[in-house]
Amino acid sequence: MTKQEIKTELENVIYVLETLENDYAALKLKAVLSALEHDWMQSAYFTNEIDTILNYEQHNEWICNNKNI
């Protein structure tokens, strides 16, 4: 399941719970969804940071290896 599919499924369940007036359960699932989205954003941020560092290090290594050419 993709992140978007998980988000959509949770939103559908939240909608059903709200329709059934089970506000407490809907609120709990909204909190879960919010936490997941936050974790996903942090994960993407750190993945991008790591990629940036690795690319920078590879670039520096290439420069060091090719400065005598």
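This text gives an overview of the structure that appears in the document. Source: prediction; values computed, not measured.

Section: the overall build of the protein chain
When helices and strands are tallied, the protein chain shows 2 helices and 0 strands. What you see for the protein chain is a C-alpha radius of gyration of 21 Å, clearly larger than the 11 Å of a compact globule of 69 residues, by over 25%. A principal-axis box enclosing the C-alpha atoms of the protein chain has dimensions of 70 × 20 × 10 Å. Counting across all 69 residues of the protein chain, residues that qualify as buried make up 9%. For the protein chain, the accessible area works out to roughly 6,000 Å², and carbon and sulfur atoms hold 58% of it. A distance of 3 Å separates the average location of the 5 positive side-chain charges in the protein chain from that of its 12 negative side-chain charges.

Side note on the packing of aromatic side chains
By the definition in use, this model includes 1 aromatic pair. Each ring, one from Tyr45 and one from Phe46, has its centre 5.2 Å from the other, and the planes form 75°; the classification is edge-to-face. By relative accessible area, which is 47% here, Tyr45 ends up partly exposed.

So, the pattern of salt bridges
Under the counting rule described, the total for this entry stands at 2 salt bridges. With its nearest N and O atoms 3.2 Å apart, the salt bridge here joins Glu37 to Lys7. Of this pair, Glu37 sits in helix H2 (residues 23-66) while Lys7 sits in helix H1 (residues 3-19), placing them 30 residues apart in sequence. A salt bridge links Glu18 to Lys30; the nearest nitrogen and oxygen atoms lie 2.6 Å apart. Taken together, the positions of Glu18 in helix H1 and Lys30 in helix H2 put the pair 12 residues apart, joining distant regions of the chain. Residue classification places Glu18 among the partly exposed residues on the basis of a relative accessible area of 33%.

Focus on the nonpolar core
One finds Leu10, Ile14, Leu17, Ala26 and Leu33 forming the largest nonpolar core, which totals 5 residues. Of all elements in the fold, only H1 and H2 reach the threshold of two or more residues within this core. The element contributing the most residues to this core is H1, with 3 residues. Look past the residues within four positions of Ala26 in its chain and what remains in contact with it is Ile14, Leu17 and Glu18.

With respect to H2
When the terminal C-alpha atoms of H2 are compared, their 64 Å separation across 44 residues agrees well with the 64 Å that a helix rising 1.5 Å per residue should span. If you check which residues of H2 are buried, you get Ala26, Leu33 and Trp40. Where H2 is buried, its residues touch H1.

What counts as what
- Residues numbered from 1 in each chain as written.
- Predicted model: local features only at pLDDT ≥ 70, side-chain atom pairs only at ≥ 80, totals over all residues.
- Heavy atoms only, no water.
- Helix = DSSP H or I, 4+ residues; strand = E, 2+ residues; numbered from the N terminus.
- Rg over C-alpha atoms; globule rule 2.2 N^0.38 Å.
- Buried < 20%, exposed > 50% of the residue type's maximum accessible area, 1.4 Å probe, protein only.
- Areas by Shrake-Rupley, 256 points an atom, 1.4 Å probe, with all protein chains shown as cover.
- Lys, Arg positive; Asp, Glu negative; His and termini not counted.
- Charge placed at Lys NZ, Arg CZ, Asp CG, Glu CD.
- Phe/Tyr/Trp six-rings, centres within 6.5 Å; stacked < 30°, edge-to-face > 60°.
- Salt bridge = Lys/Arg side-chain N within 4 Å of Asp/Glu carboxyl O.
- Core = buried A, V, L, I, M, F, W, Y, C linked by side-chain atoms within 4.5 Å.
- Contact = heavy atoms within 4.5 Å.
- Expected span 1.5 Å × (residues − 1).

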